[in-house]
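Reading the structure
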Amino acid sequence: VQLVESGGGSVQAGSSLRLSCAASGHDFDQLSMAWYRQRPVKERDFVAGINWSGGDAVYEKAVQGRSTISRDNSRNIVYLQIDSLKPEDTAVYFCAATRTASDSIAVLVSQVNYWGLGTLVTVSS
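Let me begin by describing the structure that accompanies this report. (Residues numbered from 1 in each chain as written. Predicted model: local features only at pLDDT ≥ 70, side-chain atom pairs only at ≥ 80, totals over all residues. Heavy atoms only, no water.)

1. Quick word on the side chain of D89
In this structure, D89 sits in the loop between strand 8 (77-82) and strand 9 (91-99). Setting aside its immediate chain neighbours within four residues, D89 contacts R37, V63, R66, S84, V121 and V123. (Helix = DSSP H or I, 4+ residues; strand = E, 2+ residues; numbered from the N terminus. Contact = heavy atoms within 4.5 Å.)

2. A few points about the packing of aromatic side chains
Counted under the stated rule, the structure contains three aromatic pairs. With centroids separated by 5.6 Å and ring planes inclined at 80 degrees, the aromatic side chains of Y36 and F46 adopt a geometry described as edge-to-face. Of this pair, Y36 sits in strand 4 (residues 31-38) while F46 sits in strand 5 (residues 44-50), and the two are 10 residues apart along the sequence. Residue Y36 is classed as buried on the basis of its relative accessible area of 1%. Ring centres of Y36 and W115 lie 5.0 Å apart, and the angle between their planes is 65 degrees; this geometry places the pair in the edge-to-face category. Here Y36, found in strand 4, pairs with W115, found in strand 10 (residues 114-115); they are 79 residues apart in sequence, far enough to count as distant. (Phe/Tyr/Trp six-rings, centres within 6.5 Å; stacked < 30°, edge-to-face > 60°. Buried < 20%, exposed > 50% of the residue type's maximum accessible area, 1.4 Å probe, protein only.)

In short, shape yes, function no, at least from these values alone.
Set out below in structure tokens:
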């Protein structure tokens, strides 16, 4: 599985961005998908995750209520919309795919099977 992120950029605080992740492969609809981010000199942190069917999602507390993760299994794409961006959202955002035995959401970095190369989001105040 190869993952390619897009949609990052430099924006003003309060703006919105929608990140996209295009996945190759034939079993996208059996992958738990997630977004992680890595701020400068910080570890890679979970942001949001979604199950196979797209019917369930979880969010990290700092983005809950202002972000939405979604997926289109017909196009092998997962999205992350973040609204009301803050300077502390500045990070490289990574798309991740995890093979799960059931229609669940993988959260831990250690569980991830595939990573994208990341897309940079810079939010200025």
